[in-house]
2 protein chains.
Amino acid sequence: MSIQIRKLDSTQPDFRAKLDTLLAFEASTDDAIEAAVASILADVKARGDAAVLEYTNKFDRISADSMAQFDIGQAELDAALAALPQAQRAALQVAAERIRVFHERQKEELKGFSYTEPDGTVLGQRITPLDRVGIYVPGGKAAYPSSVLMNAIPAKVAGVAEIIMVVPTPDGVKNQMVLAAAAIAGVTRVITIGGAQAVGALAYGTATIGAVDKIVGPGNAYVAAAKRRVFGTVGIDMIAGPSEILVLCDGSTDPDWVAMDLFSQAEHDELAQAIMLCPDADYIARVEASIHKLLPTMPRQDVIRTSLQDRGALVKVRDMQEACEIANAIAAEHLEISAEDPQQWADLIRHAGAMFLGRFSSESLGDYCCGPNHVLPTSRTARFSSPLGVYDFQKRSSILYVSEAGAQTLGKVAAELAYGEGLQAHARSAELRIKAPS
Amino acid sequence: MSIQIRKLDSTQPDFRAKLDTLLAFEASTDDAIEAAVASILADVKARGDAAVLEYTNKFDRISADSMAQFDIGQAELDAALAALPQAQRAALQVAAERIRVFHERQKEELKGFSYTEPDGTVLGQRITPLDRVGIYVPGGKAAYPSSVLMNAIPAKVAGVAEIIMVVPTPDGVKNQMVLAAAAIAGVTRVITIGGAQAVGALAYGTATIGAVDKIVGPGNAYVAAAKRRVFGTVGIDMIAGPSEILVLCDGSTDPDWVAMDLFSQAEHDELAQAIMLCPDADYIARVEASIHKLLPTMPRQDVIRTSLQDRGALVKVRDMQEACEIANAIAAEHLEISAEDPQQWADLIRHAGAMFLGRFSSESLGDYCCGPNHVLPTSRTARFSSPLGVYDFQKRSSILYVSEAGAQTLGKVAAELAYGEGLQAHARSAELRIKAPS
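Cut-offs used in this document
Residues numbered from 1 in each chain as written. Chains lettered and ligands numbered in written order. Predicted model: local features only at pLDDT ≥ 70, side-chain atom pairs only at ≥ 80, totals over all residues. Heavy atoms only, no water. Contact = heavy atoms within 4.5 Å. Buried area = accessible area lost by both parts, 1.4 Å probe. Salt bridge = Lys/Arg side-chain N within 4 Å of Asp/Glu carboxyl O. Polar contact = N/O pair within 3.5 Å; in protein donor to acceptor, adjacent residues only side chain to side chain. Helix = DSSP H or I, 4+ residues; strand = E, 2+ residues; numbered from the N terminus. Nonpolar A, V, L, I, M, F, W, Y, C, P; charged D, E, K, R; others polar. UniProt positions renumbered as here; feature names shortened; annotations may be inferred. Phe/Tyr/Trp six-rings, centres within 6.5 Å; stacked < 30°, edge-to-face > 60°. Lys NZ or Arg CZ within 6 Å of the ring centre and 35° of its normal. Buried < 20%, exposed > 50% of the residue type's maximum accessible area, 1.4 Å probe, protein only. Least-squares fit on C-alpha atoms with pLDDT ≥ 70 in both. Axes fitted to C-alpha atoms, helices over the stretch in contact; angles between N-to-C directions. Parallel < 35°, antiparallel > 145°, perpendicular 65-115°, else oblique. Left-handed = near helix turned anticlockwise from the far one by under 90°. Pairing = 2+ DSSP bridges.

Interfaces are often sized by the amount of accessible area the parts lose when they come together. Across the boundary between the two partners, chain A contributes 117 residues, which contact 116 residues of chain B. Approximately 10500 Å² of surface area, both sides summed, lies buried where chain A meets chain B, with 59% of it carried by carbon and sulfur atoms. Where chain A packs against chain B, one counts eight salt bridges. Linking chain A with chain B are 66 residue pairs in polar contact (both at pLDDT 80 or more). Of the residues forming the side of chain A that touches chain B, the biggest block, 12 residues, is contributed by helix α5 (residues 86-109) of chain A. Broken down by class, the residue content of the side of chain A that touches chain B amounts to 57 nonpolar, 32 polar and 28 charged.

Bringing the UniProt feature "binding site: Zn(2+)" (unreviewed entry) in chain A into the picture now. Per the UniProt entry, the sites bearing "binding site: Zn(2+)" (unreviewed entry) are A:Q265, A:H268, A:D367 and A:H426 in this numbering. Sequence-wise these annotated residues cover 162 residues; spatially they are dispersed, their C-alpha atoms as much as 55.5 Å apart. Looking at the secondary structure, you find A:D367 in helix α15 (residues 363-368). Not counting residues within four places of it along the chain, the set of residues in contact with A:D367 comprises A:S146, A:M150, A:H334, A:H374 and B:H426. Mapped onto the secondary structure, A:H426 falls in helix α17 (residues 424-432).

Geometry of an aromatic ring pair is reported as the spacing of the ring centres plus the angle between the planes. Taken as a whole and assessed by the stated rule, the structure comprises 10 aromatic pairs over all chains. A network of ring pairs unites the aromatic residues A:F102, B:F113 and B:Y115 as a single cluster. Positioned above the aromatic ring of B:Y391, the side-chain terminus of A:R396 is 3.4 Å from the ring centre.

Moving on, we get to the pattern of salt bridges. Taken as a whole, this structure holds 48 salt bridges over all chains when the rule is applied. A salt bridge links B:R305 to B:D302, with the nearest nitrogen and oxygen atoms 3.3 Å apart. Here B:R305 and its partner B:D302 are both found in helix α12 (residues 301-311), three residues apart, which amounts to about one turn of the helix. The exposure class assigned to B:R305 is buried, which follows from its relative accessible area of 3%. A salt bridge links B:R359 to B:E340, with the shortest nitrogen-to-oxygen separation between them at 3.2 Å. One end of the pair, B:R359, is in the loop between β14 (354-357) and α15 (363-368); the other, B:E340, is in the loop between β13 (334-338) and α14 (343-346), with 19 residues separating them in the sequence. Judged by relative accessible area, which is 21%, B:R359 ranks as partly exposed. You can call B:E340 partly exposed: its relative accessible area is 47%. Because the salt bridges share partners, they merge into one network encompassing A:D43, A:R47 and A:E54.

The subject of this paragraph is the relation of the copies chain A and chain B. In the superposition of chain A on chain B (RMSD 0.0 Å, axial shift 0.0 Å), the rotation amounts to 180 degrees. The transformation relating the two chain copies, once decomposed into turn and shift, fits a two-fold axis. Most of the interface of chain A is mirrored in chain B: 99% of its interface residues are interface residues there too.

Residue and element names in this part refer to chain B. Where helix α16 (residues 404-420) contacts helix α17 (residues 424-431), the axes come no closer than 8 Å and their chain directions differ by 165 degrees. Looking at the two axes, α16 sits roughly antiparallel to α17. Seen from above, α16 lies across α17 with left-handed handedness. Residue-level contacts link G411, A414, A415, A418 and Y419 of α16 to Q424, H426, A427, R428, A430 and E431 of α17. Among the residues making up the contact of α16 with α17, the classes are represented as six nonpolar, three polar and two charged.

Okay, the pairing of strand β10 (residues 244-249) of chain A next. All names here are of chain A. With respect to burial, β10 is a largely interior element, six of its six residues being buried. Burial along β10 is two-sided: E244, L246 and L248 and I245, V247 and C249, pointing in opposite directions, are all buried. Two strands pair when backbone bridges link them, and β10 and strand β11 (residues 273-278) are joined in this way by five bridges, in the parallel orientation. Of the residues in β11, the one forming a bridge with V247 is M276. Relative to strand β13 (residues 334-338), β10 runs parallel, the two being bridged by five bridges. The residue bridging L246 from the neighbouring strand is L335, located in β13.

Right under this line is the structure:
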């Protein structure tokens with residue numbers, strides 16, 4: 001079965017309209033899911049463990065008698081790690097260590113600050129970790145140990161005291177590589193529950209599960225809806241849309257490499273988006289030929305075909321400069337600049353979740369083991385948001401220590417503005433600290 | 001009319017339950033508001049300026065013919081500033097400059113980083129400002145020039161190129177102090193529209209208003225509902241709950257000062273929350289006496305009375321140490337530590353939006369002119385979120401520049417993990433970069 005991939009040309013008058021249509025993605029909201037999730041959350045809030053136990057038994061087709069049966073002890077996590085094939089265990093450990101090193105750099109950057117003014121007033125900002133964090137890990141087919149590392153390690157580096165991981169085990173089946181990743185990442189506790197009931201348990205707390213301060217990690221539509229609903233009670237990470245890659249290529253990279261990079265995004269799911277921008281029409285034809293040649297060799301070729309046909313594109317641009325402008329409009333989750341001297345083009349990019357520079361930087365290296373996080377802003381949200389990082393598990397508090405002398409001068413300014421806003425108690429509160437002239 | 005303020009004692013067995021009840025606040029969701037907002041947003045998205053014009057004329061009781069009439073030019077902003085009473089203008093300027101200085105420190109802290117590994121692989125993180133930001137400023141009675149400074153200056157310091165301020169002018173009435181603040185803060189453009197229609201215009205863009213990347217600033221229930229709905233299309237700041245102050249006092253501060261600090265929070269609105277924790281029963285009685293004495297002198301005494309009676313409390317604690325533990329559970333927006341050597345207690349605090357240390361640091365000084373932001377996490381969200389800051393107008397991009405040598409070692413790790421996750425295109429994409437042994 002062949003594949004038809006969309007080809008666009010930036011010189012065509014309707015190019016921007018076509019591109020906008022291609023990029024448009026709106027997560028559908030399903031009323032049935034919303035209603036089910038609202039009901040499950042209310043039930044978990046009201047009945048706690050009893051509700052979590054019932055829903056878990058029902059949805060995951062198991063028959064536990066108590067919440068205690070859902071706890072996976074440290075010994076079982078350690079055993080899962082020990083039982084992995086040696087190469088897999090080593091790969092997980094290398095990846096974890098590199099992720100840790102990168103995220104330590106993020107932590108070093110954010111130390112807080114404090115400065116003292118001439119009158120003795122001290123102003124500053126203090127950085128503190130969150131107390132307790134919940135990490136949602138999907139069960140079943142999309143169980144990714146790399147996601148355990150990418151979500152848990154930044155929390156650990158931030159200094160979060162308790163990291164509670166929830167992972168459903170449909171039909172009681174546990175993913176050993178996920179448990180091994182939890183052991184490596186230093187997760188505090190693993191509970192085999194999932195769905196909206198797990199999100200509710202983490203957000204509201206139950207007799208056996210303390211409420212957390214933030215919930216991160218990917219999940220299905222029920223989990224996403226539940227996270228949206230508990231937002232405010234707890235923090236959440238961004239609700240991710242389909243994954244995307246944008247490859248800017250000057251035509252100097254082996255076309256097989258670029259084709260495979262596009263596949264590596266497309267194989268995630270049918271909604272994933274893989275787009276290439278290139279100024280060289282001949283090269284685009286060669287990448288297309290590589291796609292045709294390589295697709296039949298891929299185990300996930302059906303997913304790749306649907307994704308590329310429905311949401312992919314090979315785009316002929318005027319030059320690399322224009323490619324960068326288009327890339328800024330797309331604000332892709334993953335941006336590969338597969339070109340000679342990629343830095344010159346990287347300097348023109350304002351919006352991207354992660355930038356992969358040079359032809360050796362395939363996205364897949366970043367997905368697993370370079371060190372930067374693979375949880376990245378999707379659906380153009382890189383215009384205003386950042387990769388998951390240590391900073392997502394820290395928060396800032398302002399420090400204001402006004403001296404007696406400072407209160408004299410600042411008090412007059414504050415009172416003037418407070419009266420201007422009609423807030424007299426604000427003004428009086430400042431004025432009470434001002435000494436009467438002696 | 002006297003006031004009855006709740007008194008609690010931490011030694012009583014039901015203390016924590018009573019405290020939890022007092023703190024509990026859930027924003028009610030109003031189906032009528034939700035439906036109206038959904039309809040307005042859909043209409044603005046579909047019809048653009050025509051819809052914005054119609055809604056603005058209708059809701060603000062004006063009769064503009066075109067969107068151009070809603071633009072306030074730079075000359076009018078400058079004139080508003082020039083026309084302010086001298087003391088008010090000077091106060092705004094001092095406040096703006098101090099806010100700028102504090103936020104410059106935030107910017108300095110976040111520079112991004114980059115490091116090169118022995119094999120030549122470069123990893124890093126780049127910080128860039130948002131392109132375009134919308135700032136919502138309420139019209140009518142809650143029009144606060146200080147909020148204009150607190151929202152616009154961090155965006156300006158971050159390097160945001162375009163700062164679009166929207167402010168409704170019901171019945172065509174403009175608040176001159178708000179316009180003056182916009183002039184001082186360096187807002188790019190001021191448009192006199194408000195409500196859900198303004199949020200929609202900023203989020204989706206119209207023919208006359210370019211879409212922004214993030215919308216910040218307070219608003220009424222319609223504005224809050226609209227911001228929630230456009231979240232994802234654009235970034236938003238946190239939806240604020242009622243304002244709160246928690247005063248920890250060791251009994252050494254003039255009780256009139258503390259009473260007035262509680263008033264300064266309570267005067268915001270009936271839902272505002274003002275709580276004092278103190279180990280000294282006699283002192284609590286003196287603060288209560290001050291409350292009775294001072295309340296009749298306050299222009300906003302009705303609001304203060306309702307707020308203090310419904311949501312306020314004077315709490316007797318065992319000692320200051322316990323006060324700090326309770327403060328961590330409350331995670332207050334504003335925390336005053338009005339005590340001798342306040343730093344010893346500040347060191348025990350993990351969660352607070354802003355901490356005001358020492359008896360001269362009244363919250364009102366911070367609200368207007370100390371420098372740190374007055375937009376702070378409410379309703380216990382200081383457990384996981386931060387004051388508004390320069391960082392809210394910046395985002396990070398990861399940089400991965402893998403060398404040929406790096407691709408050899410990293411490629412094997414990535415491929416091992418990708419095969420483990422069943423993502424063969426990821427594995428192949430890494431493996432293609434690995435040289436065959438020669």
